[in-house]
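Each chain is listed here by its residues.
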Amino acid sequence: MTLAIALRHQFPTTAVDMAFEVPSPGVTVLFGPSGSGKSTVINAAAGLLRPDRCRIAVDDQVLADTDAGIWLPPEKRHVGLVFQDSRLFPHMSVETNLRFGLRRSGGGPIPFDSVIDLLGIGALLRRRPHTLSGGERQRVAIGRALLAQPRLLLMDEPLASLDAARKAEIMPFLTRLKTSLKLPILYVTHSLEEVAHLADSLVLIEAGRVAAHGPAPNVAARADLLLGQRDDAGGIVPCTVESHDSQRLLTSLHGGGTSFLVPLMDAPLGAPCRIRIPAREVILASLPPQGISLHNIITCRVRQTAPDPAGQTAMVELALPDGALLSRVTADAVGRLALRPGTPVLALIKSTSIEILRE
């Protein structure tokens with residue numbers, strides 16, 4: 001099963017021409033600068049924009065195919081929409097807002113009580129939207145979209161209007177949503193943190209074109225892409241909890257075909273998680289160091305190097321047995337260590353530098 005989108009559209013000042021196909025269900029993150037065309041994809045999928053030419057299909061259901069003369073109107077697409085602002089009805093209680101979505105759907109496989117529990121909004125049902133925090137309003141907006149029984153959920157920068165504290169409040173609920181409901185989700189964001197937490201597939205959009213797309217860990221670790229040149233770039237590795245060492249206060253995670261030691265976690269053996277390792281935290285060496293405090297010395301092979309525009313640093317893409325990492329080093333280090341495609345190296349990573357993201 002797949003989510004497939006192809007569209008072309010000429011705006012007054014720019015042209016959009018993009019296509020991608022990703023597995024379904026799962027979270028597909030559209031990532032790129034403002035004005036690159038991310039929201040155009042969302043609007044076309046929702047039926048709010050009719051492109052000059054397009055084909056949009058969710059699993060076996062074609063929502064639009066201009067060549068075949070198919071264009072389902074928005075109300076026939078069974079698509080849920082969540083925007084930056086919650087767009088709740090201010091005169092209705094939270095419960096009435098939620099049941100509005102349920103009434104319009106006519107019922108379906110997503111029960112009211114399950115959505116309440118999933119999003120932790122049971123205590124809010126009698127309140128009005130103006131009494132809620134930004135994070136609470138967005139959770140209610142997500143609940144209303146889910147109760148519309150969508151075959152596709154569209155989320156256009158749902159956390160963009162929230163401060164850091166509210167984002168931290170709502171992120172666990174988005175992670176729970178991703179794992180509990182087997183829905184295809186298109187998610188627009190500018191935040192690499194949201195990419196790391198949520199993305200199963202990643203679509204990079206630049207100037208109305210798809211620069212790259214594929215599994216999020218693969219795309220995030222590409223040194224040759226603009227995403228990989230960012231100061232906050234890093235590798236994403238799906239892992240499982242391998243073992244705990246209560247004496248050393250360490251947990252071993254297995255992922256990417258190797259093991260990583262992190263500070264002791266409160267998680268059962270076999271539990272899934274993700275880790276994100278910022279490129280700036282990965283040191284490269286040609287020989288094993290002696291008498292060093294860090295725990296992770298990972299055998300890798302250089303896949304490619306990409307200098308930054310100023311030529312002072314370079315991003316090094318590192319192949320794991322079944323994954324990839326990034327390391328930002330100086331141009332001098334590239335020369336001293338003779339870092340070329342195929343060069344074996346050791347990646348040195350502090351356990352405290354590994355960001356643990358729960359599934």
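Focus: the sheet that holds strand β12 (residues 234–245)
Neighbouring strands of a sheet are bound in pairs by backbone hydrogen bonds; such pairs are parallel or else antiparallel.
Thought 1: A sheet is described by the order of its strands in space; here 5 strands give the open sequence β14-β13-β12-β15-β21, paired in antiparallel fashion. Looking at strand neighbours, the two that pair on one side only are β14 (258–263) and β21 (355–358), the edges of this open sheet. Each adjacent strand pair in this sheet contributes to an overall mean axis angle of 40°, direction not counted.
Thought 2: Two strands pair when backbone bridges link them, and β12 and strand β13 (residues 250–255) are joined in this way by 5 bridges, in the antiparallel orientation.

Quick notes on the packing of aromatic side chains
Thought 1: If you walk through the whole model with that rule in mind, you get 1 aromatic pair.
Thought 2: Each ring, one from Phe-89 and one from Phe-100, has its centre 4.9 Å from the other, and the planes form 75°; the classification is edge-to-face. Of this pair, Phe-89 sits in the loop between β7 (79–82) and α2 (94–105) while Phe-100 sits in helix α2, and the two are 11 residues apart along the sequence.
Thought 3: Residue Phe-100 is classed as partly exposed on the basis of its relative accessible area of 23%.
Thought 4: The ring of Trp-71 carries the charged tip of Arg-77 above its face, separated from the ring centre by 4.4 Å.

Considerations on the packing of helix α3 (residues 112–119) against helix α4 (residues 134–147)
Thought 1: Running from N to C, α3 and α4 cross one another at 150°; their axes reach a closest spacing of 10 Å. When the axis of α3 is compared with that of α4, the two are roughly antiparallel. Crossing of α3 over α4 shows right-handed handedness. Two secondary-structure elements touch here, α3 through Phe-112, Val-115, Leu-118 and Leu-119 and α4 through Arg-139, Ile-142, Gly-143, Leu-146 and Leu-147.

Here we look at the side chain of Thr-251
Thought 1: Following the sequence through the fold, Thr-251 ends up in strand β13.
Thought 2: Within polar-contact distance, the side chain of Thr-251 engages the side chain of His-244 at 2.8 Å.
Thought 3: Contacts of Thr-251, omitting those with residues within four sequence positions, involve Val-241, Ser-243, His-244, Phe-260, Leu-261, Val-262, Pro-263, Leu-264 and Met-265.

Some remarks on the pattern of salt bridges
Thought 1: Counted by the stated rule, this structure contains 15 salt bridges.
Thought 2: Here Arg-87 ties to Asp-85 by a salt bridge, and the two come within 3.2 Å at their closest N and O atoms.
Thought 3: Residue classification places Arg-87 among the partly exposed positions, given a relative accessible area of 47%.
Thought 4: Linked by salt bridges that have partners in common, Arg-139, Arg-166 and Glu-169 make up one network.

Notes on the pairing of β12
Consecutive residues of a regular strand have side chains that alternate between opposite faces of the sheet.
Thought 1: As paired strands, β12 and strand β15 (residues 272–278) are joined by 7 bridges and run antiparallel to one another. Its bridge partner lying in β15, Cys-239 is registered against Cys-273.
Thought 2: In sequence, β12 turns back onto β13 through a hairpin of 4 residues, with Leu-249 there showing a positive phi of about 60°.

Considering the sheet that holds strand β18 (residues 313–320)
Thought 1: Reading across the sheet, the 5 strands line up as β16-β20-β17-β18-β19 and stay open at both edges, with antiparallel pairing between neighbours. Taken across any chain shown, the strands that pair with only one partner, and hence form the sheet edges, are β16 (283–285) and β19 (323–330). Each strand axis lies, on average, 45° off the axis of its neighbour in the sheet, ignoring direction.
Thought 2: Bridge count for strand β17 (residues 296–307) against strand β20 (residues 344–349) is 6 bridges, and the pairing is antiparallel. Across the sheet, the residue bridging to Arg-301 is Pro-344, located in β20.

Side note on the packing of α3 against helix α5 (residues 164–180)
Thought 1: Where α3 meets α5, the axes come as close as 9 Å, and the angle between the chain directions of the two elements is 135°. It follows that α3 is oblique to α5 by the angle criterion. Listed contacts from α5 to Asp-117, Leu-118 and Leu-119 of α3 are Phe-173, Arg-176, Leu-177 and Ser-180.
Thought 2: Looking at the contact of α3 with α5, its residues break down into 4 nonpolar, 1 polar and 2 charged.

So, the nonpolar core
Thought 1: Among the nonpolar cores identified, the biggest contains 51 residues, and Leu-98, Ile-142, Leu-146, Leu-174, Tyr-187 and Leu-202 are the most heavily contacted of them.
Thought 2: Take this core: its biggest share by element is 6 residues, from α4.
Thought 3: Counting 30 residues, the second largest nonpolar core, distinct from the first, contains Ala-267, Cys-300, Ala-333 and Ala-347.

Topic: the side chain of Asn-296
Thought 1: Looking at the secondary structure, you find Asn-296 in strand β17.
Thought 2: Those residues in contact with Asn-296 that sit more than four places away from it in its chain are Ser-259, Phe-260, Leu-261, Ala-347, Leu-348, Ile-349, Lys-350, Ser-351 and Ile-354.

Focus on the pairing of strand β9 (residues 184–189)
Thought 1: Summarising burial for β9: 6 of the 6 residues are buried, a large majority.
Thought 2: Neither face of β9 is exposed, since Pro-184, Leu-186 and Val-188 on one face and Ile-185, Tyr-187 and Thr-189 on the opposite face are all buried.
Thought 3: Of the strand pairs in this sheet, strand β3 (residues 26–31) and β9 are connected by 6 bridges, and their pairing is parallel. Of the residues in β9, the one forming a bridge with Gly-26 is Pro-184.

Reading the values: the criteria
Residues numbered from 1 in each chain as written. Predicted model: local features only at pLDDT ≥ 70, side-chain atom pairs only at ≥ 80, totals over all residues. Heavy atoms only, no water. Pairing = 2+ DSSP bridges. Helix = DSSP H or I, 4+ residues; strand = E, 2+ residues; numbered from the N terminus. Axes fitted to C-alpha atoms, helices over the stretch in contact; angles between N-to-C directions. Phe/Tyr/Trp six-rings, centres within 6.5 Å; stacked < 30°, edge-to-face > 60°. Buried < 20%, exposed > 50% of the residue type's maximum accessible area, 1.4 Å probe, protein only. Lys NZ or Arg CZ within 6 Å of the ring centre and 35° of its normal. Parallel < 35°, antiparallel > 145°, perpendicular 65-115°, else oblique. Left-handed = near helix turned anticlockwise from the far one by under 90°. Contact = heavy atoms within 4.5 Å. Polar contact = N/O pair within 3.5 Å; in protein donor to acceptor, adjacent residues only side chain to side chain. Salt bridge = Lys/Arg side-chain N within 4 Å of Asp/Glu carboxyl O. Nonpolar A, V, L, I, M, F, W, Y, C, P; charged D, E, K, R; others polar. Core = buried A, V, L, I, M, F, W, Y, C linked by side-chain atoms within 4.5 Å.

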